[in-house]
Amino acid sequence: MTHDKIDIPGLLSRMPLFSAMSKGDLQFIAETTRERRLHKGELLFQRGDQSKGFYYVIFGQMKLAFSSPQGNQKVVEVLGPHQSFGEAIMFMDTPIPVFAESLTDTLLLHITRDAVFHQLDHDPQFARLMLAGMALRLHTIIRDVESYSMRSSTQRVIGYLLQHSNDDSDADGNQTIDLPTSKQVIASRLNLTPETLSRIFHELSCASLITVQGKHITLHNINKLRDYDA
C-alpha cells in the first residue's frame, strides 16, 4: 500500500455531507480528520469499542460483522469507495455493536465526533443532511430484513446478482459481472451458508441462466433470471 500524502479538504468537499459547507467550516472539519490505512484482513475496531467518530471509504472495502458464541460470523454490511459508516452510533452512549475489518487494502478518513457535533450546533443544513443519510441507512436495513424474511434463498441470490448488473450486455444479451468480495462474505451478507450459495449458483448454472468462473459471473438472460423462482 502506498503512503502518498492525501488532500483531506479536497476529499471531504466531494462527500455529499460536506459538499455545501463553507471553506472555513470545511477547514475546521479537515483539521481534526485523520486518514487510516489498513492492510487486507486488518481490524479497524472491535465490537464493544466506543465510537469516536465515523469513517468514509476512499478506496478499498470494509466488512461490518459480528460473531456468534459458536464462532460463526454474520456480515451486516460490505462497504466500498464513497460510502461511510458509523454515523448513528456516534449519537448513542453505547459500545459499537459490530467489528470492522478490511477485505482489501483500504484507505479511510476518520471524521471525529467532536467536529461533527460542533457543526451540528450551528449548521441546520448539515444536520438535515446527516439525518437524511442515517434515514437512508435505516431504509436499507429494513429492506434487508424484509428480504431475509419474505424472499427465498434463491430469490436473495438472484436479487444480489441483479443489483450488481448494468446495461453493458454483449450482442447475445450476456452480461458479465465481478463479485465484489468472496463468496463466503456474500453468503453471510445474504443470510445463507456458503454451501447454500454454491448450491444456488449450481442450480442457476444448470438452468443456463448464469455461468460461474471464480468471481466472474455471466448472466445469460436478465429477464428470465429475474422471473426465476418468482
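Residues numbered from 1 in each chain as written. Predicted model: local features only at pLDDT ≥ 70, side-chain atom pairs only at ≥ 80, totals over all residues. Heavy atoms only, no water.

Re unusual backbone geometry
In this structure, H82 takes a positive phi of about 70 degrees despite not being glycine. In this structure, H82 sits in the loop between β5 (73-79) and β6 (84-85). For H82, a relative accessible area of 61% corresponds to the exposed category. Despite not being glycine, S208 has its phi angle at roughly 60 degrees, a positive value. Summarising the element assignment, S208 is placed in the loop between α7 (194-206) and β10 (210-213). (Helix = DSSP H or I, 4+ residues; strand = E, 2+ residues; numbered from the N terminus. Buried < 20%, exposed > 50% of the residue type's maximum accessible area, 1.4 Å probe, protein only.)

As for the sheet that holds strand β8 (residues 106-112)
Spatially, the four strands line up as an open sheet ordered β1-β8-β3-β6, and their pairing is antiparallel. Two strands bound the open sheet, and with one partner strand each, they are β1 (34-38) and β6. As paired elements, strand β3 (residues 53-59) and β6 share two bridges and run antiparallel to each other. Bridge pairing in β6 places Y55 opposite F85. (Pairing = 2+ DSSP bridges.)

Some thoughts on the packing of aromatic side chains
Using the criterion set out here, one finds five aromatic pairs in the structure. Consider the rings of F45 and F85, whose centres lie 6.4 Å apart with planes at 45 degrees: the pair is tilted. Remark: F85 occurs in strand β6 and F45 occurs in strand β2 (residues 43-45); sequence separation between them is 40 residues. What makes F85 buried here is its relative accessible area of 1%. Taking the centre distance of 5.3 Å and the plane angle of 20 degrees together, the rings of F91 and F117 count as stacked. Taken as a pair, F91 in the loop between β6 and β7 (99-102) and F117 in helix α3 (residues 113-122) lie far apart in primary sequence, 26 residues in all. A relative accessible area of 39% means that F91 is categorised as partly exposed. (Phe/Tyr/Trp six-rings, centres within 6.5 Å; stacked < 30°, edge-to-face > 60°.)

Points about the packing of helix α2 (residues 23-32) against α3
Two elements in contact, α2 and α3, have axes separated by 9 Å at closest approach and are oriented at 160 degrees. In terms of axis orientation, α2 runs roughly antiparallel to α3. For the crossing formed where α2 meets α3, the hand is right-handed. Of α3, the residues touching α2 (which contributes D25, F28, I29 and T32) are A115, H118, Q119 and H122. Of the residues that constitute the contact of α2 with α3, the class distribution is three nonpolar, four polar and one charged. (Axes fitted to C-alpha atoms, helices over the stretch in contact; angles between N-to-C directions. Parallel < 35°, antiparallel > 145°, perpendicular 65-115°, else oblique. Left-handed = near helix turned anticlockwise from the far one by under 90°. Contact = heavy atoms within 4.5 Å. Nonpolar A, V, L, I, M, F, W, Y, C, P; charged D, E, K, R; others polar.)

A look at the pairing of strand β4 (residues 62-67)
Note that β4 and β5 share six bridges and pair antiparallel. The partner of S67 across the bridge, within β5, is Q73. Between β4 and β5, which pair antiparallel and follow one another directly, the connecting turn spans five residues, one of which, G71, has a positive phi of 95 degrees. Note that β4 and β7 share four bridges and pair antiparallel. Paired with M62 across the two strands is S102, which belongs to β7.

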